[in-house]
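Structural overview for review
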Amino acid sequence: DTEVTQTPKHLVMGMTNKKSLKCEQHMGHRAMYWYKQKAKKPPELMFVYSYEKLSINESVPSRFSPECPNSSLLNLHLHALQPEDSALYLCASSRTGADTQYFGPGTRLTVL
Amino acid sequence: ILNVEQSPQSLHVQEGDSTNFTCSFPSSNFYALHWYRWETAKSPEALFVMTLNGDEKKKGRISATLNTKEGYSYLYIKGSQPEDSATYLCAFIVVTDKLIFGTGTRLQVFP
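First things first, this report covers the structure right here in the doc. (Residues numbered from 1 in each chain as written. Chains lettered and ligands numbered in written order. Predicted model: local features only at pLDDT ≥ 70, side-chain atom pairs only at ≥ 80, totals over all residues. Heavy atoms only, no water.)

With that settled, consider the interface of chain A and chain B. Tallying the contact residues gives 21 residues for chain A and 17 residues for chain B. Interface of chain A and chain B: buried area, both sides summed, is about 1,500 Å²; carbon and sulfur atoms make up 66% of it. Three residues, P42(A), A98(A) and F103(A), lead the burial of chain A against chain B; their summed loss comes to 32% of the area buried on that side. The interface formed by chain A and chain B holds one salt bridge in total. For the salt bridge of K98(B) with E58(A), the shortest nitrogen-to-oxygen distance reads 3.1 Å. Along the contact surface separating chain A from chain B lie four residue pairs in polar contact (both at pLDDT 80 or more). Broken down by secondary-structure element, the contributors of at least two residues to the side of chain A that touches chain B are β4 (31–37), β5 (44–50), β6 (53–57) and β9 (87–94) of chain A. (Contact = heavy atoms within 4.5 Å. Buried area = accessible area lost by both parts, 1.4 Å probe. Salt bridge = Lys/Arg side-chain N within 4 Å of Asp/Glu carboxyl O. Polar contact = N/O pair within 3.5 Å; in protein donor to acceptor, adjacent residues only side chain to side chain. Helix = DSSP H or I, 4+ residues; strand = E, 2+ residues; numbered from the N terminus.)

Right under this line is the structure:
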């Protein structure tokens, strides 16, 4: 199983809502990532979890809160987002930090 | 700020043509370089992980070379097919865990 799954596929939320994005992999990978991708731009790294511990936070605003409940799951909790946060949010995992990353299909987020 | 540049930004070729694109990255503190293919409405898919200066990797009609001293990598596609149409992304790793993606080359192959 080389699949990374993400739910939901699409999410529309208001600026006062609280929602969560979920990511799951069963490849035994110990590194998991959140990326943000805006149209016609490359993916931008947001967070990295290594062995279930947050190892990189790319100065992401606190309205984005990552969580790694176990080695297979990665969540991104969203609260009080702004319309400019609308983007495709990609999750990825890799065996270790430098290895090939396997990406999920992404969650298309729209903030109204 | 580390910049990873790719050129050209977009490319239109006829089926059967061979093509190549460039990824330029900082030559200091090199750790690894990845190439990914990203088709519309799909997840980015890994093509190559390259770590050593002079590395050459091949996967079917696609191959890549790496020059870490001058900070560039080339991706070649031989005999392009319509199914090769995608955005090709390179990603530079400066420390473990952290990928910095290039701007991408959007390839369209016309039958």
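Text resumes after the structure shown.
Residue and element names in this part refer to chain A. Across the two faces of strand β2 (residues 10–13) the burial differs, with L11 and M13 buried and H10 and V12 not buried at all. Pairing between β2 and strand β11 (residues 107–111): four bridges, direction parallel. The residue bridging L11 from the neighbouring strand is L109, located in β11. (Buried < 20%, exposed > 50% of the residue type's maximum accessible area, 1.4 Å probe, protein only. Pairing = 2+ DSSP bridges.)

We now examine the state of the cysteines. Counted by the stated rule, this structure contains two disulfides over all chains. A sulfur-sulfur distance of 1.8 Å marks the disulfide that ties C23(A) to C91(A). Its S-S torsion of about -70° marks the bond between C23(A) and C91(A) as left-handed, since a negative value means left-handed. Highlighted residues: C23(A) in strand β3 (residues 18–25) and C91(A) in strand β9, separated in sequence by 68 residues. The disulfide bridge from C23(B) ends at C90(B), spanning 2.0 Å between sulfur atoms. Disulfide C23(B)-C90(B): the torsion about the S-S bond is 75°, which places it as right-handed. Of this pair, C23(B) sits in strand β3 (residues 19–24) while C90(B) sits in strand β9 (residues 86–93), and the two are 67 residues apart along the sequence. On the basis of relative accessibility, which here comes to 0%, the residue C23(B) falls in the buried class. Of the cysteine sulfurs around C68(A), a residue in no disulfide, the closest is that of C23(A), at 9.3 Å. (Disulfide = S-S within 2.5 Å.)

Glancing now at the pairing of β4(A). Sheet faces and side chains relate simply in a regular strand, where the side chains alternate between the two faces. Residue and element names in this part refer to chain A. Extensive coverage of β4 is indicated by the burial of seven of its seven residues. The side-chain alternation of β4 yields two buried faces, one formed by A31, Y33, Y35 and Q37 and the other by M32, W34 and K36. Across six bridges, β4 lies against β5 in antiparallel orientation. Bridge pairing in β5 places Y33 opposite V48. Between β4 and β5, which follow one another and run antiparallel, lie six residues, and K40 among them has a positive phi close to 65°. Here β4 pairs with β9 via seven bridges, running antiparallel. From the neighbouring strand, A31 faces β9, where its bridge partner is S94.

A few words now on the side chain of D55(B). Residue and element names in this part refer to chain B. Here D55 shows up in the loop between β5 (45–50) and β6 (56–59). In this structure, D55 is buried with no salt-bridge partner, the nearest side chain bearing the opposite charge being K57 at 4.6 Å. Here the side chain of D55 touches T51 through a polar contact of 3.1 Å, landing on its backbone nitrogen. Ignoring sequence-local partners within four residues, the contact set of D55 consists of M50, A64, T65 and L66. (Lys, Arg positive; Asp, Glu negative; His and termini not counted.)

A word on the sheet that holds strand β7 (residues 62–67) of chain B. All names here are of chain B. What the five strands build is an open sheet, ordered β1-β3-β8-β7-β6; its pairing is antiparallel. Of all strands in the sheet, those bounded by a partner on one side alone are β1 (5–7) and β6. Neighbouring strand axes in the sheet, compared pairwise and without regard to direction, differ in orientation by 15° on average. Alignment of β6 against β7, held across four bridges, turns out to be antiparallel. Bridge pairing in β7 places E56 opposite T65. (Axes fitted to C-alpha atoms, helices over the stretch in contact; angles between N-to-C directions.)

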